[in-house]
Amino acid sequence: MPICQNVSFMSLIVLDTYMAEFMIESNATLNVSGALSAIKQIATPNATMTIELLELTAECKIVGNASTCNCSSAYIWSNDVCGNFQCCNYSYCNANISDYPALCIPKVKVRFNGTVQVRITINQTDTIKKQLTDGFKQLHGFECLNVSGPRDDGQIVDFKVDLSVIFLTDTLAKIIADLEPTVGKIAVETSGLVSIQYPLDTVKFSSTPTLNCRFEEKTNGSWNWNLLKGNKTFDLNTGRSITVSLPNEMPHNCTTVQIIKLSGNWAGIYKCGFSKGSIVHAATAELKVALLPDKITMTIDPLTVECQDAVPPVTVTATIDNSTEQYTVTWSYQNNLQTPNLQTQPVPPTGIAYTTVISINCSPSSSPHVVIVSFTNQMDEIRKASITIPVIYAHDKNQACPEDNNVWPKTPKGVTVTIRKCEVNRVGYKERTCKGPEWMEVLDNCVNEELDKVVNAAANFKEGLGATLQVAIQIFSDLKKSMVADSVADLSASINVLDTMSSASETITLDNSILDTFLDAASNMLNNTWKAVNKTLEYDMSSKYLTSIEGLVNNIKMNTSEGNDTPNIQLKLCNVQNGTSCNDIVFGVEVKLALSSGIVKTVGVKNLADKLNNSKFSDYKFPSIVVSATLQNSNDSKIDIKLDFPINQSMTQDSNILCVFWNTTLNEWSEEGCKWKKGVNNRSYCECTHLTSFSVLMSKIPVTLLFLDEITYVGLGVSICSLIIFLIIEALVWSAVVKSNLSHFRHTALVNISLCLLLADCSFLASCFSSIKTSTWCLVLTVTKQYFFLAMFCWMLCLSIMLLHQLIFIFHPLRKRVYLLLSTILGYICPTVIVSATYVYYKYTGKPYHNTETCWLTYEGLLKGSIHAFLLPVGTIILMNLFSMGVVIMTLLKSTVSDGSKADEKEAAKSIMKVMVFLTPVFGVTWVLGFFVLLSDINSPMNVLMNYAFTIINSFQGLFVLLTGCFAEKRVKDEVLKLFLAGVSSALFFPAFVVFPFKWCWRASRRHSFLWSKKYPNAPGQ
């Protein structure tokens, strides 16, 4: 880093000045200067000095104890003499100061300009001029004061003061303080007190020039650097292209600017200033640079050339920003220097174009048609740019892309055509690549004109030009206002601004006053759809966005903050002291970090996770939240962070959960150093050993066990076939087996149970095919599954109620019409009401009625989700059916106790086993296993066992209904055997009672099933 010292810069030489005193007799005549001119060097103990200039500064006439001194014409009394002996300005001094060191000092031109914000509106300045003159003439070396104005409606008066002595800042500050109560608020800027060292000659474009400013007075204050370009003033700060060293970093109360990456931006007038209160001591110097174009934009017309009989000439244009440099411009085509036919023309608003015409060589060649332009400056430095002219040869015509919409010309295969024309108020370019012979999509890089200004301002800020906190706030404010929704180019440019500002914040200090505008602008970007031309571009944008947010939050200096909330970004700050833990919540994600000390910044970002590259975990879905945590000023060597994401804990039991972080090196999610753990109270959380951006992944479909899907499909197929066979058998043997009311009730219920289960199984099997899982069909299948499964259980309840009634009210049998009416209402109307009410409720509350992935009802936790409109009725029916089974078993046990013989006990045990085997499938008791599966952890061995048991038993439920409903009843078996032996295949029919059971009441007989005919042989109706 350069040190501020007395050194030479280019042709600038700085000399040290010393004073010497000679005494002569009054009657002697001596030309001191002439006599001493022969002395060329003076030796001191420390060094040998060369005398460059010898002048008489003061002359004193001493008579006895009295003396009269005066300064030479080019000198004036020193500040010490003026202050201690009141010998000031140009007067003679009668004090005895002959032996005082440095009586007189060289006159220097010192001026300060000032403004007065007057207390009352004025039209004349005579009064205020007198007041200012009376005040400032107290300054040693005061020469004159001029006043101009007033301006700004009589509120501002400008003045200039000329002096010939360097004064002290505190002296001027006291004078201003005395004047302000009378004249108004005063601000001044001096020149001549601060010295600036700079290169006097023009510097090369490739150089790294240094400028130094020094203020000799030892006083407190602050330094700043500005660059004046035209009518604009830019504050300078350390950036990528410039290093600013301030007095607290350097000795001798001086400041240095070193340009480490010179460009056209850095040519201009540099101003350094030392400020204390309303006083600024400034110095200026012009840095002259042999410029080169910072950017050369090349275009061709036409955009492509087809080698035919007449080949049109190609106009090549190179456009640069306006410059004071007189360039020597040369062109070459295929490495051959072209004859100068240069033309120039202005390009609004601040450009100039250099144009030449090229004649294309159509001889078949593998060499590209490259045109190169070279700009040479006054120091023979060169900057080049090139462009390739696409040429279509005769043998390439078939592979060329055709002209499209009079915009995109016929183009050879593999060439990208660039059009530098955009819509009104947009700047940039559009490009399109020819795959041959088909075009690819157009890549639109035209951005909002105002947004482009923000991009340039951010780029200058990163370089160190205009790098202040106020400018940063303005950049983010303009960023939010200038982005156009759903424009990929604008979105990409906006993210580039974030990235640029993130990089700039590594060297330029930003504090928490910028947070609101920064987070508002960043959050606003996530409101858009981000529909990029291709996924690669979308992944790049989202990764850059996340990295930029992390970088800015990490670099912004924050000590205290109550947090910042925007629609898509939340920021929390935790200052840890004395070993306290840090607990923050962003968008429902609880973040816990145990530290001894440090500042934790936690950021939650919504609507971003789905835009990042998730290809590594394509079978998983992301929540909408990404959480980033950064740590500052901490001495902890080990970090353990816990994150509790808002995921239904019940959903974690049948889904595979991964805790991941965003790997900025690979630009992908990674599990390294992160685990998903189970905590107390059945809560689960993410735990990591490092800090970065986190999220969680959940498998898109519930985790399935080995062969579980295959068992389900086979079981459903077998059940469907079994139920069809059962219904056919019932149709064949109906008139023979239905001889009583009870048997009619039982077979009616079994037929409807089988029919509902058949339709439910078919709907379930259909929902497994992705080809028909459109949004409409998925909803239809969800409704049919819920309806038919509920109807099946309702008919099971009808069968259970009928059995319970016959056991309790033996001598009061059910009437057929009453049973069929109640069964129809309970079996079909109740499910209709439940399904309709469920759908309407979730439709109008905006909550999801079904899961589009599984085509089934949603489950969001305990008593949350549409699945409870199925579970609660089913659970109630199963409990009632279990009660009925219990009553049957207790009745059988009671009968056994009354008989008391061992044979009867054995027969009773057999009867109980038959009851459990025969009634379990038709009462839906096996569905109890589903509740155990739902409530247990999928990773536990018991859950695995329950899963297999539930899947096997319920997928084969149709087979069990066939076995227990048909082949376990002797009369049905006999009738089937009789029909088989008689070969009665023509007797197949399907009565109408399947849908409306009350229509076949007239066909019922007075014979009931084996179970209760055996137990109650004398009951009515036998």
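Look up: the structure comes first, before these words.
Residues numbered from 1 in each chain as written. Predicted model: local features only at pLDDT ≥ 70, side-chain atom pairs only at ≥ 80, totals over all residues. Heavy atoms only, no water.

Participant: I keep staring at the overall build of the protein chain and nothing clicks. Help me out?
Facilitator: Looking only at helices and strands, the protein chain features 20 helices and 48 strands. Within the protein chain, buried positions represent 45% of all 1022 residues. By sequence separation, contacts in the protein chain at least 24 residues apart represent 68% of the contacts at least 6 residues apart. As displayed, the protein chain has an accessible area near 52200 Å², and 55% of this comes from carbon and sulfur atoms. (Helix = DSSP H or I, 4+ residues; strand = E, 2+ residues; numbered from the N terminus. Buried < 20%, exposed > 50% of the residue type's maximum accessible area, 1.4 Å probe, protein only. Contact = heavy atoms within 4.5 Å. Areas by Shrake-Rupley, 256 points an atom, 1.4 Å probe, with all protein chains shown as cover.)

Participant: Even after reading the chapter, I still don't get helix H5 (residues 449–463), so can you show me in this structure?
Facilitator: For the α-helix, the turn length of 3.6 residues means that residues three or four positions removed from each other point alike. The first and last C-alpha atoms of H5 sit 22 Å apart over 15 residues, in line with the 21 Å expected at 1.5 Å per residue. If you check which residues of H5 are buried, you get Leu451, Val454, Ala458, Phe461, Lys462 and Glu463. For H5, the N-terminal capping position is held by Asn448, with its side-chain oxygen 2.8 Å away from the main-chain nitrogen of Glu450. Two residues or fewer past H5, Gly464 is found with a positive phi of approximately 110 degrees. (Expected span 1.5 Å × (residues − 1). Polar contact = N/O pair within 3.5 Å; in protein donor to acceptor, adjacent residues only side chain to side chain.)

Participant: Would you take a moment to explain the pattern of salt bridges for this structure?
Facilitator: Oppositely charged side chains are able to pair whenever their charged atoms sit close together. Applying the stated criterion across every chain, the model contains 22 salt bridges. Residues Arg111 and Asp162 are paired through a salt bridge, measuring 2.6 Å at the closest nitrogen-oxygen approach. Here Asp162 lies in strand S9 (residues 156–163) and Arg111 lies in strand S7 (residues 110–118), a separation of 51 residues in the sequence. By relative accessible area, Arg111 is classed as partly exposed at 29%. For Glu463, the salt bridge goes to Arg240, with nearest N and O atoms at 2.5 Å. Here Glu463 is found in helix H5, whereas its partner Arg240 is found in the loop between strand S14 (232–235) and strand S15 (242–245), with 223 residues between them in sequence. Exposure remark for Arg240: the relative accessible area of 43% places this residue in the partly exposed category. (Salt bridge = Lys/Arg side-chain N within 4 Å of Asp/Glu carboxyl O.)

Participant: What exactly am I supposed to notice about the environment of Ser823 here?
Facilitator: Along the chain, the position of Ser823 falls in helix H13 (residues 816–845). For Ser823, a relative accessible area of 2% gives the class buried. Spatially, the C-alpha atoms of Ser823 and Cys798 are 5.9 Å apart, while their sequence positions differ by 25 residues. If near-sequence neighbours (up to four positions away) are discounted, Ser823 is found in contact with Trp795, Cys798 and Tyr828. Polar contacts involving the side chain of Ser823 include one to the main-chain carbonyl oxygen of Tyr819, which spans 2.7 Å.

Participant: Please clarify how the sheet that holds strand S11 (residues 194–197) should be interpreted in this entry.
Facilitator: Sheet strands line up and pair through hydrogen bonds in the backbone, either parallel or antiparallel. With respect to topology, four strands assemble into an open sheet ordered S11-S12-S16-S15, the strand pairing being antiparallel. The open sheet is flanked by S11 and S15, the only strands paired with a single partner. Ignoring which end each strand starts from, the neighbouring axes of this sheet average 10 degrees apart. Bridge count for S15 against strand S16 (residues 254–259) is four bridges, and the pairing is antiparallel. Looking at S16, one finds that Val244 is bridged to Val257. (Pairing = 2+ DSSP bridges. Axes fitted to C-alpha atoms, helices over the stretch in contact; angles between N-to-C directions.)

Participant: Hey, could you run me through the nonpolar core in this one?
Facilitator: Most often, soluble globular proteins keep nonpolar side chains buried together rather than apart. Counting 77 residues, the largest nonpolar core has Phe112, Leu132, Phe136, Phe159 and Trp225 as the members making the most contacts within it. Of all the elements, helix H4 (residues 169–183) adds the most residues to this core, at five residues. The residues touching Phe136, leaving out its near neighbours within four places in the chain, are Phe112, Phe142, Leu145, Phe159, Val161, Leu172, Ile175, Ile176 and Leu179. Core analysis: the second largest hydrophobic core is formed by 56 residues, Met483, Ala489, Leu515 and Met558 among them. (Core = buried A, V, L, I, M, F, W, Y, C linked by side-chain atoms within 4.5 Å.)

Participant: I'm lost on the sheet that holds strand S29 (residues 416–419) in this one. Help?
Facilitator: Read across the sheet, three strands follow the order S29-S31-S32 without closing on themselves; strand pairing throughout is antiparallel. Of all the strands in the sheet, just S29 and strand S32 (443–444) have a single pairing partner and so form its edges. Summarising the sheet, S29 and strand S31 (residues 430–433) pair through four bridges and their orientation is antiparallel. Directly across from Thr416, in S31, lies its bridge partner Thr433.

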